[in-house]
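# Coordinate inspection notes
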Amino acid sequence: KEMRIKAETTIQSVNDTLNSITGGDSFCYLSMQSGSGWISNPTIVCEGKYPMYDVSARLYDPDDFETLKEGMSLEERMKMDILTLDGGNIAVSRAKSFPMTKKINMREKDRKLLRAEIHARNALFHEDFLIKKFAEKWFRALRIYKGFTQEVLFEWADPDFPKDNQGKILWD
């Protein structure tokens, strides 16, 4: 019995070490400030028990990619991104801010969906970032998916973001 307990302790210690090196089940997301027709201060935030390593992110407007020109190179497509960044290593419950590289026009709109791809040593994450105007104020919501799945890892919204009767965020 004592040997089994020592073995389990050793296995747990090895798993903790591996998770500390890779990021384990931690994840990152992009958060931004929004106001009267503007979006700014993109920030990468790390959530979970372990730090994240080799973090990079790409933020884009899916509407920009609806009218791709035939024969468009990858380099030309990447120039359409709102933001591409190298976040490096991010400690747990820490954040890094980055300057905007492209303006997002929110005038004459009441909602805007942006998407992000976030790469880290432990996984790939996708994010939906929704900015919605309600009662003449702008509100934010985001949800994070692991890899190319529809498995939602994290969901958040400003307290007054529109929700249904069960308190679920209204994404449409």
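Before reading on, note that the structure itself is shown above.
Residues numbered from 1 in each chain as written. Predicted model: local features only at pLDDT ≥ 70, side-chain atom pairs only at ≥ 80, totals over all residues. Heavy atoms only, no water.

This part covers the overall build of the chain. Along its length, the chain carries two helices and nine strands. Mapped in sequence order, the helices and strands of the chain form the string α-β-β-β-α-β-β-β-β-β-β. The dimensions of the chain, computed from C-alpha atoms along their principal axes, are 70 × 45 × 25 Å. A burial count over the chain gives 42% of its 172 residues as buried. Counting only contacts in the chain whose residues sit at least 6 apart along the sequence, the fraction spanning at least 24 positions is 54%. Summed over its atoms, the accessible surface of the chain is roughly 10,700 Å², and 51% of this surface lies on carbon and sulfur atoms. On the chain, the mean spot of the 26 positive side-chain charges and the mean spot of the 27 negative ones are 3 Å from each other. (Helix = DSSP H or I, 4+ residues; strand = E, 2+ residues; numbered from the N terminus. Buried < 20%, exposed > 50% of the residue type's maximum accessible area, 1.4 Å probe, protein only. Contact = heavy atoms within 4.5 Å. Areas by Shrake-Rupley, 256 points an atom, 1.4 Å probe, with all protein chains shown as cover. Lys, Arg positive; Asp, Glu negative; His and termini not counted. Charge placed at Lys NZ, Arg CZ, Asp CG, Glu CD.)

In this structure, Cys28, Ile44, Val55, Leu59 and Leu114 are the most contacted members of the largest nonpolar core, which totals 30 residues. Only strand 1 (27-34), strand 2 (39-47), strand 3 (52-60), strand 4 (83-90), strand 6 (111-119), strand 7 (124-134) and strand 8 (137-146) provide two or more residues apiece to this core. Looking at which element gives the most residues to this core, the answer is strand 1, with five residues. Core analysis: the next-biggest nonpolar cluster, separate from the first, contains seven residues, Leu130, Ala141, Ala157 and Ile169 among them. (Core = buried A, V, L, I, M, F, W, Y, C linked by side-chain atoms within 4.5 Å.)

Enumeration over the complete set of coordinates arrives at three aromatic pairs. The interplanar angle of 55 degrees and the centroid separation of 6.5 Å between the aromatic rings of Phe27 and Phe125 together place this pair among those described as tilted. Here Phe27, found in strand 1, pairs with Phe125, found in strand 7; they are 98 residues apart in sequence, far enough to count as distant. No difference in accessibility class separates Phe27 from Phe125, as the two residues are buried. Between the aromatic rings of Tyr29 and Phe154, the centroid separation amounts to 5.0 Å while the plane-to-plane angle is 25 degrees, which identifies the pairing as stacked. Separated by 125 residues along the polypeptide, Tyr29 in strand 1 and Phe154 in strand 9 (residues 152-157) bring together distant segments of the chain. Taking the relative accessible area as the measure of exposure, Tyr29 reaches 11% and is therefore buried. (Phe/Tyr/Trp six-rings, centres within 6.5 Å; stacked < 30°, edge-to-face > 60°.)

Another point: the pairing of strand 7. Most of strand 7 is tucked away, with nine of its 11 residues classed as buried. Here nine bridges tie strand 6 to strand 7, and the two strands are oriented antiparallel to one another. Across the sheet, residue Arg115 finds its bridge partner in strand 7, namely Asp128. Hairpin remark: strand 6 followed by strand 7, antiparallel, with four residues in the connecting loop. (Pairing = 2+ DSSP bridges.)

What the six strands build is an open sheet, ordered 4-3-6-7-8-9; its pairing is antiparallel. The outermost strands of the open sheet, each flanked by one partner alone, are strand 4 and strand 9. Each neighbouring strand pair of the sheet contributes to a mean axis angle of 20 degrees, computed without reference to strand direction. Relative to strand 9, strand 8 runs antiparallel, the two sharing five bridges. Its bridge partner lying in strand 9, Tyr145 is registered against Val152. (Axes fitted to C-alpha atoms, helices over the stretch in contact; angles between N-to-C directions.)

This part takes up the pattern of salt bridges. Inspection of the entire model under this criterion finds 11 salt bridges. Salt-bridge contacts for Arg121 lead to Asp54; the nearest nitrogen and oxygen are separated by 3.1 Å. Placement of the pair is Arg121 in the loop between strand 6 and strand 7 and Asp54 in strand 3, with a sequence separation of 67 residues. Salt bridges linked by common partners bring Arg58, Asp81 and Glu117 together as one network. (Salt bridge = Lys/Arg side-chain N within 4 Å of Asp/Glu carboxyl O.)

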